[in-house]
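Take a look at the letters that make up each chain.
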Amino acid sequence: MASKPNIIEAHNLVKKFDGFEAVRGVTFSVKRGEIFGFLGPNGAGKTTTINMLCTLLKPTSGSAVVNGFDVSKDPNAVRQSIGLVFQDPSLDNRLTARENLEFHAMIYDLSVEDMQERILEVLRLVELEERQNDLVINFSGGTKRRLEIARGLLHYPKVLFLDEPTLGLDPQTRNHIWQYIHELKKREDITIFLTTHYMDEAENCDRVSIIDYGRIVALDTPDNLKKRVGGDIIQIKTVDDGRALKEIEAKYNTSVGRDGSGLRFSITDGERFIPEFISTFGVKIISINWRRPTLDDVFLKLTGHAIRDESASPLDIFRQSTRMRKR
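## A short note on the overall build of the protein chain
- Helices and strands together make up the secondary structure of the protein chain, namely 12 helices and 14 strands.
- Each principal axis of the C-alpha atoms in the protein chain carries an extent, and together these give about 75 × 45 × 45 Å.
- In the protein chain, which comprises 327 residues, the proportion classed as buried is 48%.
- Contacts in the protein chain between residues far apart in sequence, at least 24 positions, make up 70% of those at least 6 positions apart.
- Just so you have it, the protein chain exposes about 16200 Å², and 48% of that area is on carbon and sulfur atoms.
- Of note, the protein chain has its 46 positive side-chain charges centred 7 Å away from the centre of its 47 negative side-chain charges.

Okay, structure coming up:
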């Protein structure tokens, strides 16, 4: 089967703000029809990259093409090709759900006939048809997000950009949003590009690009990324973690991480490994468990630190990045 063509191509994209380099030469491509994820902590450069692809920010250098149109040379054609769901709410709370969609349709110059037909289609997709005449101010956060997704689809975009689509939502609502995302992928001829700092959400993507401090550190399918960890994850706590660390590295030829909760290392076939390990290990074990690798483990292995869940200013990010380079 022939590979699908690329609908997004970015080459050495750079964005600087007053000398601070928020995006540092990222290069990647997105295939038509795939769910592509940008995974990284707050302040990693995810939103800045999306804003350049959506023509909301002009690149300092580098180039990007979306649906065949250069983001710098033909921004209007790019905007006609995309839908965008912002990280922050952007609906008019004083209007009804339908009025919000009608206003969007007029901006994109949809005919009256297409407008009415399309509004019903997208409302049904996100299960808001019965609430189309309700004021948005009365909607929950999850319902507003569903309406924003419907609005982003209204003008038949080729690419739908979702910037942290479930940020601030409870787990149940997040799962519902993902059901809608998968449904629209099935029903619409559309590519979905999303940013997230939720590791479990990135599992839904066909491919994931891990970005940290403005640079892409890995790009592959979730399964292939997890294979980089090298096996199952073993976590143990002993009476003497220092001595245990040395014994594990010498006996099993694997690197061992250490933090406040104990030791962690990867091994092939953890389920079979644990019984023999417990019976032969030379240091008393307080607790032990094993699990399959996750994207959290991938991020830790590739960057040397856990994903930062807190907000960070550009100056904070610059300082931390500088410290890491000096290690």
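## As for the sheet that holds strand β14 (residues 285-291)
- Pairing within the open sheet is antiparallel, and its four strands lie in the order β12-β13-β11-β14. Whereas interior strands pair on both sides, the edge strands pair on one side only; in this sheet they are β12 (257-259) and β14. Here the average twist between neighbouring strands, direction ignored, is 20°.
- Pairing between strand β11 (residues 232-238) and β14: six bridges, direction antiparallel. Among the inter-strand pairings, Lys237 is bridged to a residue of β14, identified as Ser287.
- In this fold helix α10 (residues 270-280) packs onto β11, β13 (262-267) and β14, with an angle of close to 165° to the strand it touches most, β14.

## Considering a nonpolar patch on the surface
- Residues Phe103, Met106 and Ile107 make up a contiguous nonpolar surface patch of about 350 Å² in total accessible area.
- Its place among the elements puts Ile107 in helix α3 (residues 97-107).

How each quantity is defined
Residues numbered from 1 in each chain as written. Predicted model: local features only at pLDDT ≥ 70, side-chain atom pairs only at ≥ 80, totals over all residues. Heavy atoms only, no water. Helix = DSSP H or I, 4+ residues; strand = E, 2+ residues; numbered from the N terminus. Buried < 20%, exposed > 50% of the residue type's maximum accessible area, 1.4 Å probe, protein only. Contact = heavy atoms within 4.5 Å. Areas by Shrake-Rupley, 256 points an atom, 1.4 Å probe, with all protein chains shown as cover. Lys, Arg positive; Asp, Glu negative; His and termini not counted. Charge placed at Lys NZ, Arg CZ, Asp CG, Glu CD. Pairing = 2+ DSSP bridges. Axes fitted to C-alpha atoms, helices over the stretch in contact; angles between N-to-C directions. Patch = residues over 30% accessible without salt bridge, like charges linked within 9 Å, V, L, I, M, F, W, Y side chains within 5 Å. Salt bridge = Lys/Arg side-chain N within 4 Å of Asp/Glu carboxyl O.

Such coordinate-based values are descriptive only and should not be taken to indicate function.
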